[in-house]
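# Fold and geometry: a report
Chain by chain, the residues run as shown.
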Amino acid sequence: MYGLKDDWELEPRARRFVLEDYQGATPRWCPGCGDHAILNALQRLARDEQLPPEKTVVVSGIGCSSRLPHYMKTYGFHGLHGRPLPVACGVRSRRPDLNIFVITGDGDCCAIGTAHWIHAIRYNMKMTVMMFDNNIYGLTKMQSSPTTPKKHFSFTHPGGAPLSPINPLAVTLGVRNLSFLAQTIDWNPPHLYATLRAAHKHEGLAFVRILQRCPHFMPEIWTRLQEDPQLVMLLEHPEGIQLEDAAKRLFKRRREHDPHDLAAAHEIVNDESVVPIGLIYKNENAERYDAFSSRGIEMTTEEKLAAAQQAIDRFLI
Amino acid sequence: MTSSHAASSQPSSSPEPRVERVSEHIVEIVSDSGEGAQTAGQMFGTVSARMGNGVWTVEIIPAEIEPPFRSRAGASGNRIRISSGAATNMGDEADVVVALNEQVLYSRIDVGALRRGTIIFLESKWGEIDDEKIRREYREALEDFEKRGYRVFEVPMERECLKIVRDPRRGKNMWVLGMLCALYGRNVEFVHEEIRKKFARKGEQVIESNRKLVDAGYAWAQQNIPFRFEVPAQPAEKPRVVMNGNQAVALGIMASGIEVVSMYPITPATSVSHYLAASFDKAGGFLHQAEDEISAIGFAIGASYAGKVAATVTSGPGLALKTEFIGLAVMAEIPLVIVVVQRGGPSTGLPTRVEQGELLASLFGSPGDVPKVVIAPSSIEECFHFIITARTLAEKFRTPVIVLTDANLATGQQPFTRPEVRPEWLAPPLDMAPWDRNVAPYDWDRETGLSRRPIPGQRGGEYVLTGLAHDRWSHVAYESAINQEAMSMRSRKLAALQRTLKPPKVYGDPEGDLLVVGWGSTRGAIEEAVDRVRADGGRVSSLTLRFLSPLEPGLAEIFRRFKQVMTVEINYSDDGDDPAVTRESRRFSQLAWLLRAKTLVDVDCWSRVPGTPLPPGRIEKEIRRRLDGEKAVRHEEAKNVRTQG
């Protein structure tokens, strides 16, 4: 083959993207919903990184959070409940040129999508996975989710949730080949932004749990955290999430944590007395499945033809 | 050789064996699992195909991975039908069976694979073994076989193999292969070449010892078997290949430019992934083994959304799990090839056995109205070519295409003309030219329902695919009129596709007393049955449908030219004459159900779910029964006319 590449393009002049270039339909989330803050952070990130909208794909499942792709002006995939990760992995498998963001909720990811969650972490294909965790099913109007606190009222558990919630951080940390795990909160825009930025820059699957407010069905759940600064602990490290000093001052509790220290990471996520915020674990050397899956994407038609002919010849009699 | 009927079957001392010329023969090799009867049978089939015979091989598979030794459930092996013309199905009873013990042979007797006069070559060591119980079982079986009218030849396979190898359990199969080659005059050079191919990775020593075993079996048969069979062959003019349906699917995938195959292991579809694993990457493809069936199709849909041509391969229970995503692919108009290698159902059913039970599930098994293309290859050669068709249709019509094969095609082997891969079979490379912003991502053409699709990376084409009801711009739509329009646009694609199809060709006369309609792997057996009845003057024809959704055009018109129309299928139906069933309550087989609804013709059906392919003899019997019924009716009518006159 000779001449232009299949995906050639001629750029007459450099493009400069502004926020509006990433703003799609008007969000229809409730006023005060944490999703608005996350959407803003993502749009800002895209603008600051100058991600071409046509090279950006936002994949989601079903739920309040999963409406997010409609509010971006990039490519989007709003698919099935619990299944954004297989789709995102499929997109990534042969398209190393795309920026992929996955939007999923606590029900979407930790209930119906559990198998995919665990295996996507294991596959470790480059993408930013944002799990919006508001501890409740919002779109179906207040049923217990896997992260709903014990004894908390919901329509499915009027006497209070009978079981302790799943700990998404501990589960994620338990998966071999984990590459990046962070936690942030929607009500601290600088930290939220810095975390998404670090996740996007990471070469591999970055899993970010975002504690997200649902003022309608879970109004009190994070106010406790907002009112008592002692309950939130900022993880600090030169290789962690970097914050301006002014933003740091909002966190009364801090801890030095090397994100490469797996044992310390386990200790942090299993300490139920405090909510850790920041980079919990990072492994730049985790194997990447997309390195393997994208082999041969440059192959020419002639090469493919020749290989198919050869394969058929093995059955000649 | 010793024989159970001493007088008639003793080897003659004459070196000139009696040669019987036959137009076709069915040979079976059965053994305990792990003794290699599968391999020997497949090689015998391949060598026969190379000699110019028509061949159809069927795997005999035990239900368990390691069944107990000498058990009926444990029979493993191969049936090889060789013929002068093309072999299109597994045929009826076997002419020759080689059995490595009498218990596995019983499993074949139980399914009716033998008839009076079938020649059995039986391992004789069980009559001499220390274990009294086994000796007794063996002696009793010999007596029983004689009563049933089989012609048994006891063969000291193990004793002969021990002259060459220390462990005859590994190697008896090659000795048996050699014996069969002498019996059917096969070219031993071809066998040696097959051995080299098959055992290339195991090294020179293994190749050499297997060749010696083949030669020894051959020599033994020459000295000890007083008869030969000759199945005249016609050497093919064009180069031919031999493979099974799953291999054909895998090669079709490569030849069609499909770039991503994502699947989860499920019998009998799994081996497609084995063949792909061996060479897919050399053709620029990627094989993903997902964590479950749902993820497998999700991955393929993701790849397809990103512009790559993708496929997923599964079987019944896997199809059930995939249905929600299939619905999404229909709704969001994602091209996708879905190969369903049908097995026995319902539930986990008969995992290694054949059934055609997924037709209606393919058509309707998703929430809501899910128009999609469903096609069914009827031969192994078609398994290859239909993947290319499916890929093209999926892309052109922007829709999932389901390809229904079954366990019979998946494991059967058949020779066919080597396909010459053409550049136009390959999916075109991605066009990343900017998208015209004025064109909607679903710019449905009102006539055809077709639309172009933007692909991530195409500037100006940014859209959000959604499984929710949406308008042309893929905006979530709550207005009722929009949903109505979108539904009709997706449905219109089938009407547009049907306009491009030819009416199917009737096999036999275009009119008559009975038309047998089938689909998929039953074609060979149905046509053979039709031929037999027509040879006796029966006015019967048959029709094989390759397109099930949309159906091929002109069916009602074709049906009107026959007095009776019935389907023959391997899926469940109530028998029409079952006293517990009324005309009103009767449940029809799946194609019959569909044809009745689509043509308003009173299509009848005859179906069985034995877990095995339907033998032509059984179909023939049913056709004769129907025709006799027709004759009786005609007779009655004639009588009425006479009395009235």
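A few points on the structure. (Residues numbered from 1 in each chain as written. Chains lettered and ligands numbered in written order. Predicted model: local features only at pLDDT ≥ 70, side-chain atom pairs only at ≥ 80, totals over all residues. Heavy atoms only, no water.)

## Focus on the overall build of chain A
Along chain A, the regular secondary structure elements total 11 helices and 11 strands. For 317 residues, the compact-globule estimate of 2.2 N^0.38 gives 20 Å, and chain A sits close to it at 21 Å. Expressed as lengths along the three principal axes of its C-alpha atoms, the size of chain A is roughly 70 × 55 × 40 Å. Across the 317 residues that make up chain A, the buried fraction comes to 58%. Here chain A carries 36 positive and 36 negative side-chain charges, and the mean point of each set is 3 Å from the other. (Helix = DSSP H or I, 4+ residues; strand = E, 2+ residues; numbered from the N terminus. Rg over C-alpha atoms; globule rule 2.2 N^0.38 Å. Buried < 20%, exposed > 50% of the residue type's maximum accessible area, 1.4 Å probe, protein only. Lys, Arg positive; Asp, Glu negative; His and termini not counted. Charge placed at Lys NZ, Arg CZ, Asp CG, Glu CD.)

## A short note on the side chain of Asn 408 of chain B
Residue and element names in this part refer to chain B. Among the secondary structure elements, Asn 408 is positioned in helix α15 (residues 407-411). Engagement of the side chain of Asn 408 in a polar contact is seen with the side chain of Ser 521, the distance being 3.4 Å. Every residue in contact with Asn 408, bar those within four places of it in the chain, is listed here: Trp 56, Val 354, Ser 521 and Pro 613. (Polar contact = N/O pair within 3.5 Å; in protein donor to acceptor, adjacent residues only side chain to side chain. Contact = heavy atoms within 4.5 Å.)

## Section: the environment of Val 540 of chain B
Residues and elements named next belong to chain B. Secondary-structure assignment places Val 540 in strand β20 (residues 540-545). For Val 540, a relative accessible area of 0% gives the class buried. Sequence separation of Val 540 and Leu 515 is 25 residues, and the distance between their C-alpha atoms is 5.8 Å. Excluding anything up to four places from it in sequence, Val 540 contacts Leu 514, Val 516, Val 530, Val 533, Arg 534, Ile 623 and Leu 627.

## Looking at the packing of aromatic side chains
What the rule picks out here adds up to 26 aromatic pairs over all chains. An angle of 25° between the planes, with centres 5.1 Å apart, marks the rings of Tyr 123 of chain A and Tyr 289 of chain A as stacked. Taken as a pair, Tyr 123 of chain A in helix α4 (residues 114-123) and Tyr 289 of chain A in helix α10 (residues 289-293) lie far apart in primary sequence, 166 residues in all. For the pair Tyr 123 of chain A and Tyr 289 of chain A, one class covers both residues: buried. The ring of Tyr 193 of chain A has Arg 44 of chain A sitting right over it, with the charged end atom 4.0 Å from the ring centre. A cation over an aromatic ring shows up here: Arg 72 of chain B above the ring of Tyr 106 of chain B, its NZ or CZ 4.2 Å from the ring centre. (Phe/Tyr/Trp six-rings, centres within 6.5 Å; stacked < 30°, edge-to-face > 60°. Lys NZ or Arg CZ within 6 Å of the ring centre and 35° of its normal.)

## As for the sheet that holds β20 of chain B
All names here are of chain B. Here we have four strands laid out as an open sheet, ordered β20-β19-β22-β23, and parallel in their pairing. Unpaired on one side and paired on the other, β20 and β23 (604-607) mark the two borders of the sheet. Shown here is a sheet whose adjacent strand axes are inclined to one another by a mean of 25°, direction ignored. Of the strands in this sheet, β19 (512-519), β20 and β22 (562-569) touch helix α17 (residues 523-535), which is tilted by about 165° from β20. Sitting on the sheet, helix α19 (residues 590-599) touches β19, β20, β22 and β23, and the angle it makes with β22 is about 140°. (Pairing = 2+ DSSP bridges. Axes fitted to C-alpha atoms, helices over the stretch in contact; angles between N-to-C directions.)

## Section: the state of the cysteines
The bond known as a disulfide is covalent and runs between the sulfur atoms of two cysteines. Under the counting rule described, the total for this entry stands at zero disulfides over all chains. Cysteine Cys 214 of chain A remains unbridged, with the sulfur of Cys 33 of chain A as its closest cysteine sulfur at 6.5 Å. You can call Cys 214 of chain A buried: its relative accessible area is 11%. Unpaired in terms of disulfides, Cys 161 of chain B finds its nearest cysteine sulfur in Cys 181 of chain B, a separation of 14 Å. (Disulfide = S-S within 2.5 Å.)

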